Amino acid sequence: MARKKIIAGNWKMNMTPSEAVKLIETLKPLVKTDDADVVFCVPAIDIIPALEAAKGTNIEIGAENMYFEEKGAYTGEIAPAMLTDVGVKYVIIGHSERREYFAETNETVNKKVLKAFEHGITPIVCCGETLTQREQGVTMDFIRQQVKIAFLGVTAEQAKTAVIAYEPIWAIGTGKTATTEQAQEVCGGIRKCIAEIYDEATAEAIRIQYGGSVNAKTAPELFVQPDIDGGLVGGAALKPDFGQIVNWK
């Protein structure tokens, strides 16, 4: 069975609540499709207005992060039940910016992945290498480690519903994109890694996105690759161009 594409926008720290509503109103008619799941992962303060604005459309609203405890003395954090209570179905976990600026580790990523599954939220689990790691030829070693630890304790049934986003750190917001061959090679390697942890059926079911300066021009070539099931889109998700990425065919 063919995997349905999933194209998600990661808004990062952009858009006030009123700007978020405006952007969704602009994008609504442009991202209509039955061929892909469309997700806008927005800043926490935008989640509720974004859900309201997206009502009755094919747009799902996701979060950019969440904490791995149910509740408690964790000032500034967001609990999974807070997300499910308003209708959030997706959460980005372990984005390279979270790892770099906020000291997230493979272990905290794993805790968040387990907690997301516990609450029925689909995790979009991020992995990716730096330019130094690529130049030293350790890309797959590094990514396999990220993936294996992220999925520790996750059942095959859960893993089948997960999304993995491969984003080479050297291509995020730089305008550089991995070549189609590089992107396919790593996404294929990730699928092999999932087959090793679980089995072929799980590896065939899991959806793997490519992220890193994805735009309307590069999307069609990337999305036809056998192991690339859509994109995690940064800057271009904040523009009308996102409609062209979603309707890339």
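Now for a quick tour of the structure. (Residues numbered from 1 in each chain as written. Predicted model: local features only at pLDDT ≥ 70, side-chain atom pairs only at ≥ 80, totals over all residues. Heavy atoms only, no water.)

1. Notes on the environment of Phe-151
The cut-off we apply is this: Secondary structure elements follow DSSP: runs of H or I no shorter than four residues count as helices, runs of E no shorter than two count as strands, and numbering proceeds from the N terminus. Every residue pair with non-hydrogen atoms within 4.5 Å of one another is taken to be in contact.
Here Phe-151 lies in the loop between helix 7 (139–150) and helix 8 (156–161). A C-alpha to C-alpha distance of 29 Å links Phe-151 and Ala-236, two positions 85 residues apart in sequence. The residues touching Phe-151, leaving out its near neighbours within four places in the chain, are Asn-110, Val-125, Ala-159, Ala-162, Ile-164, Ile-194, Tyr-198 and Ile-206.

2. Quick look at the nonpolar core
Stated formally: Residue types Ala, Val, Leu, Ile, Met, Phe, Trp, Tyr and Cys, when buried and joined through side-chain atoms within 4.5 Å, form a set referred to as a nonpolar core. Relative accessibility decides the category of a residue: with a 1.4 Å probe and only protein chains considered, values under 20% of the type maximum give buried, values over 50% give exposed, and everything between is partly exposed.
Within the largest apolar cluster, 67 residues are counted, with the highest numbers of intra-cluster contacts made by Phe-40, Ile-61, Phe-151 and Phe-242. Per element, the largest residue contribution to this core is 7 residues, and it comes from helix 9 (residues 180–197). Core analysis: the second largest hydrophobic core is formed by 11 residues, Ile-6, Tyr-90, Ile-124 and Val-163 among them.

3. Considering the sheet that holds strand 7 (residues 207–211)
In plain terms, the rule: Here, any two strands with at least 2 DSSP bridges between them count as paired. Axes here refer to lines fitted to C-alpha atoms; in helices the fit is confined to the stretch in contact. Angles between the N-to-C directions go from 0 to 180 degrees.
Taken in spatial order, the 8 strands line up as 1-2-3-4-5-6-7-8 and close into a barrel, and their pairing is parallel. Put simply, the sheet's adjacent strands are angled 30° from each other on average, direction ignored. By the bridge criterion, 4 bridges tie strand 5 (residues 122–127) to strand 6 (residues 163–166) in an arrangement that is parallel. Directly across from Val-125, in strand 6, lies its bridge partner Ile-164. Set on the sheet, helix 2 (residues 47–54) makes contact with strand 2 (36–42) and strand 3 (59–63); between it and strand 3 the angle comes to about 170°.

4. Topic: the pattern of salt bridges
Between side chains of opposite charge, a pair can form as their charged atoms come close. The condition is simple: Between Lys or Arg on one side and Asp or Glu on the other, a salt bridge is scored when a side-chain nitrogen of the former is within 4 Å of a carboxyl oxygen of the latter.
Counted by the stated rule, this structure contains 18 salt bridges. The salt bridge partner of Lys-115 is Glu-70, with a shortest N-O separation of 2.7 Å. Of the two residues, Lys-115 sits in helix 5 (residues 106–118) while Glu-70 sits in the loop between strand 3 and helix 3 (80–86), which places them 45 residues apart along the sequence. Residue classification places Glu-70 among the partly exposed positions, given a relative accessible area of 35%.

5. Observations regarding the pairing of strand 8 (residues 230–233)
Residues Gly-230 and Leu-232 line one face of strand 8 and the alternating positions Gly-231 and Val-233 line the opposite face, and both faces are buried. Where strand 1 (residues 5–10) meets strand 8, 4 bridges bridge the pair, whose relative direction is parallel. Its bridge partner being in strand 8, Gly-9 is matched across the sheet by Val-233.

6. Some thoughts on the packing of aromatic side chains
This is how the line gets drawn: Here a Phe, Tyr or Trp ring, Trp counted by its six-membered ring, pairs with any other such ring whose centre lies within 6.5 Å, and the pair is stacked when the planes are under 30 degrees apart, edge-to-face when over 60, and tilted otherwise.
As enumerated under the stated definition, the model contains 7 aromatic pairs in all. For the ring pair Tyr-166 and Tyr-210, a centre distance of 6.0 Å and an interplane angle of 55° mean the geometry is tilted. Here Tyr-210 lies in strand 7 and Tyr-166 lies in strand 6, a separation of 44 residues in the sequence. Grouping aromatic residues by their ring pairs yields a cluster made of Trp-11, Phe-40 and Phe-242.

7. Focus: the state of the cysteines
Inclusion rule: Criterion for a disulfide: a pair of cysteine sulfur atoms within 2.5 Å.
Counted under the stated rule, the structure contains 0 disulfides. The closest cysteine sulfur to the non-disulfide-bonded Cys-41 is located on Cys-126, 9.0 Å from its own sulfur. Taking the relative accessible area as the measure of exposure, Cys-41 reaches 0% and is therefore buried. Lacking any disulfide linkage, Cys-126 is separated from the closest cysteine sulfur, that of Cys-127, by 7.6 Å. Its relative accessible area of 2% is what places Cys-126 among the buried residues.

8. A few points about unusual backbone geometry
Phi angles above zero are rare outside glycine, and Ala-103 is one such case at about 60°. Checked against the element boundaries, Ala-103 lands in the loop between helix 4 (96–101) and helix 5. For Ala-103, a relative accessible area of 61% translates into the label exposed. The backbone of Ser-213 shows a phi angle near 55°, a positive value even though the residue is not glycine. You can see Ser-213 is positioned in the loop between strand 7 and helix 11 (219–223).

9. Here's the deal with helix 5
As a reminder, the rule being used: Helix span is expected to be 1.5 Å times the residue number reduced by one.
A rise of 1.5 Å per residue sets the reference length of helix 5, with its 13 residues, at 18 Å; its end C-alpha atoms lie 18 Å apart and thus fit the reference within 8%. Listing the buried residues of helix 5 in full gives Asn-106, Val-109, Asn-110, Lys-112, Val-113, Lys-115, Ala-116 and Phe-117. Downstream of helix 5 by a residue or two, Gly-120 has a phi angle that is positive, lying close to 75°.

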